[in-house]
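# A look at the structure
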Amino acid sequence: MEHYDTIIVGAGPGGLIAAEYLAQQGKDVLVLEKGQIVGKKVCAAGITLKSLAFGLPEKIMERAFQRFTIHTPKQKVVFDAHEPFLYTTTRPALGAFLAKRAKKAGAEIRTEAPVQNISDDTITVHGEPIHFSHLIGADGAASVVRKQLGLKVEGCHQAFQYIIPKRIKEIELFVDAKKFGPGYAWIFPYEKTCSVGAGTDLATPVQKRYPAAAVRARFFQWFDERFPDAEKEFQAFTISYDYKGHAFGNKFLIGDAGGFSSSFTGEGIYQALLTGVEVAKKIVDPTYSCPGIQRLLEIKKKEDFYLHLLEKGPTNLLFETGAFLFKRPFIGKHVLEKLSRY
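What you see is a predicted model, and the numbers here were worked out from it, not measured in a lab. (Residues numbered from 1 in each chain as written. Predicted model: local features only at pLDDT ≥ 70, side-chain atom pairs only at ≥ 80, totals over all residues. Heavy atoms only, no water.)

## Considerations on the overall build of the chain
Threshold: In this description a helix means any DSSP run of H or I spanning at least four residues, a strand means any run of E spanning at least two, and both kinds are numbered starting from the N terminus. The size measure is the radius of gyration over C-alpha atoms, and the globule rule it meets is 2.2 Å times the number of residues to the 0.38 power. Each residue gets one of three labels from its accessible area relative to the maximum for its type: buried under 20%, exposed over 50%, partly exposed in between, using a 1.4 Å probe on protein chains only. Note on definitions: a residue-residue contact is assigned when non-hydrogen atoms from the two residues lie within 4.5 Å. Only the protein chains shown count as cover for residues, and all accessible areas are computed by the Shrake-Rupley method using a 1.4 Å probe. Only four residue types enter the charge count: Lys and Arg as positive, Asp and Glu as negative, with His and the chain ends excluded. Lys charges are placed at NZ, Arg charges at CZ, Asp charges at CG and Glu charges at CD.
Scanning the chain for helices and strands turns up 11 helices and 18 strands. Relative to the compact-globule value of 20 Å for 342 residues, the chain shows a C-alpha radius of gyration of 20 Å, a close match. Taken along its principal axes, the extent of the C-alpha atoms in the chain is 65 × 40 × 40 Å. Evaluated residue by residue, the chain yields a buried proportion of 54% over its 342 residues. In the chain, once contacts between residues fewer than 6 apart in sequence are set aside, the share between residues at least 24 apart is 71%. For the chain, the computed accessible surface area is about 16000 Å², with 54% contributed by carbon and sulfur atoms. The positive charge centre, built from 45 side chains, and the negative charge centre, built from 37, are 5 Å apart in the chain.

## Overview of the nonpolar core
What counts, and what does not: Put simply, buried Ala, Val, Leu, Ile, Met, Phe, Trp, Tyr and Cys residues joined by side-chain atoms within 4.5 Å make one nonpolar core.
Judged by nonpolar contacts, the single largest core of 43 residues is most densely connected at Ile8, Leu56 and Ile136. If you list the elements that add at least two residues to this core, you get helix H1 (13–24), strand S2 (29–32), helix H3 (91–105), helix H8 (269–284) and helix H9 (291–312). Those residues in contact with Leu56, other than ones at most four positions away along the chain, are Ile47, Ser51, Met61, Leu94, Phe97, Leu98 and Leu273. Judged by nonpolar contacts, the second largest core, of 22 residues, contains Phe160, Phe180, Val206 and Phe227.

## Side note on the sheet that holds strand S7 (residues 86–88)
The condition that has to hold: Strand pairing requires that DSSP identify at least two bridges connecting the strands. Only the stretch in contact is used when fitting a helix axis, every axis being a line fitted to C-alpha atoms; angles between N-to-C directions are given from 0 to 180 degrees.
Here 3 strands make up an open sheet; going across it, the order is S3-S7-S4 and the pairing antiparallel. Bordering the open sheet on either side are strand S3 (46–48) and strand S4 (63–65), each of which pairs with just one other strand. Ignoring which end each strand starts from, the neighbouring axes of this sheet average 25° apart. In this structure, S3 lies alongside S7, joined through 3 bridges in antiparallel fashion.

## Structural notes on H1
Cut-off, in case you're wondering: To estimate how far a helix should reach, multiply one less than its number of residues by 1.5 Å.
Between its first and last C-alpha atoms H1 spans 17 Å; for 12 residues at 1.5 Å apiece the expected length is 16 Å, and the two agree. The buried fraction of H1 amounts to 10 of the 12 residues, a majority that puts the element mostly inside the structure. What H1 keeps buried is the set Pro13, Gly14, Gly15, Leu16, Ile17, Ala18, Ala19, Glu20, Leu22 and Ala23. Backbone geometry just after H1 places Gly26 at a positive phi near 90°.

## Concerning the pattern of salt bridges
The criterion, for reference: Put simply, a salt bridge is a Lys or Arg side-chain nitrogen that is within 4 Å of an Asp or Glu carboxyl oxygen.
Enumeration according to the criterion identifies 10 salt bridges in this entry. A salt bridge links Lys244 to Glu154, with the shortest nitrogen-to-oxygen separation between them at 2.9 Å. Here Glu154 lies in the loop between helix H4 (144–148) and strand S12 (156–164) and Lys244 lies in the loop between strand S16 (233–240) and strand S17 (247–248), a separation of 90 residues in the sequence. Taking the relative accessible area as the measure of exposure, Lys244 reaches 32% and is therefore partly exposed. For Glu154, a relative accessible area of 55% translates into the label exposed. Overlapping salt bridges bring together Arg146, Glu154, Asp242 and Lys244 as one network.

## Structural notes on the pairing of strand S5 (residues 67–71)
Most of S5 sits inside the fold, with 4 of its 5 residues counted as buried. With 5 bridges joining them, S5 and strand S6 (residues 76–80) adopt antiparallel strand pairing. Residue pairing across strands places Arg67 opposite Asp80, the latter belonging to S6. Pairing of S5 with strand S13 (residues 171–174) involves 4 bridges; the strand directions are parallel. Considered in S13, the bridge of Phe68 is made with Ile171.

## Describing the side chain of Glu311
In this structure, Glu311 sits in helix H9. Despite its burial, Glu311 pairs with no opposite charge, the nearest such side chain being Lys312 at 7.1 Å.

## Some details on the packing of H1 against H8
Heads up, the rule is: Crossing chirality is assigned from the near helix's rotation relative to the far helix, an anticlockwise turn below a right angle marking it left-handed and a clockwise turn marking it right-handed. Note on residue classes: Ala, Val, Leu, Ile, Met, Phe, Trp, Tyr, Cys and Pro are nonpolar, Asp, Glu, Lys and Arg are charged, and everything else, Gly too, is polar.
For the pair H1 and H8, the least separation of the axes is 8 Å and the interaxial angle reads 35°. Of the two elements, H1 crosses H8, and the hand of that crossing is right-handed. For the pair H1 and H8, contact is made by Pro13, Gly14, Ile17, Ala18, Tyr21 and Leu22 and by Ala272, Leu273, Gly276, Val277, Ala280, Lys281, Ile283 and Val284, respectively. Residues of the contact of H1 with H8, tallied by class, amount to 11 nonpolar, 2 polar and 1 charged.

## Some points on the environment of Tyr241
Tracing the backbone shows Tyr241 in the loop between S16 and S17. For Tyr241, a relative accessible area of 9% gives the class buried. Sequence separation between Tyr241 and Gly255 is 14 residues; the distance between their C-alpha atoms is 9.3 Å.

## Some remarks on a nonpolar patch on the surface
Rule in force here: A patch consists of residues exposed above 30% relative accessible area that lack any salt bridge, with like charges linked at up to 9 Å and nonpolar side chains (Val, Leu, Ile, Met, Phe, Trp, Tyr) linked at up to 5 Å.
A grouping of Phe264, Phe305, Tyr306 and Leu309 is seen on the molecular surface, where their side chains present a nonpolar patch of about 390 Å² in accessible area. Along the chain, the position of Tyr306 falls in helix H9. Given the relative accessible area of 42%, Tyr306 is considered partly exposed.

## A short note on the pairing of strand S10 (residues 122–125)
A two-sided burial pattern is seen for S10, the buried positions comprising Thr122 and Thr124 on one face and Ile123 and Val125 on the other. Direction of pairing for strand S9 (residues 115–118) relative to S10: antiparallel, over a ladder of 3 bridges. If you follow Asn117 over to S10, its bridge partner there is Thr124. Turn length for the S9-S10 hairpin, with the two strands adjacent in sequence and antiparallel, is 3 residues. Judged from the 4 bridges that link them, S10 and strand S11 (residues 128–137) form a sheet pairing that is antiparallel. Paired with Thr122 across the two strands is His131, which belongs to S11.

See the structure below:
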């Protein structure tokens, strides 16, 4: 039977950066990816400044943005940060870069390797058992590792978008509870295409006030009015923000599998990178306290509070008040700094 110190399920950003760190520390690491292509995932692929600290180079970025517009039912707020605060890339490009680093460090990556069964110290792939000392679930909102641990996902967003072959200059955000509930719609440009999407919280209390089917229907109508007869590709994906722990004996959860994504903005790449490195350090040194994760959880508590405030309160009034305050350069700069750098 094969044996590895650490097996990582999922070759997303978190799994790959954890593999790189562990391999650099001399650990035998195997990454199992069920898909054919490393990194292929439906995702907006926005890279904030805080993510660049993990060594992501400009060569894999498609666009850089320093200006964006927020639309409310009554206002239009344009904010210029005077320097880039957000970059866009593609998930295959990000995955290929991180996979190359992980392999260079000594990690092994196997694609088309779906997990069939997990026990205390064994994982089965293609009918063959593989022994591990540590297991990391980095396999997204539908994580098989999380499921094996018996942890249900009770807090998640459903996001949906159209990819259109159109180059658009700037990022635009749209908030209007009558159309999109407590979430927002976006126009998110890439080099030659653009993502136009929205999302909704699937939590049961929220669905009573803002049913997902109604939000989707209004988004489709809004899209058709804004981009009539556009050539488009529809995509949908789930974002988990339901954190219920990350360390369970010799098993760990990171990124979306651990519910680390932002409940407020939906951001997940930074959270995956951070938790991937933190858990890898914990495996190397069991006494490591994961201060980065603890700080992230403190931020998540604030984001959850803001989300629930929007979901339960006078949503459009809160949107209008926030946009009015955001017009003030000092406040806008402070909020953007918090979102892009933490």
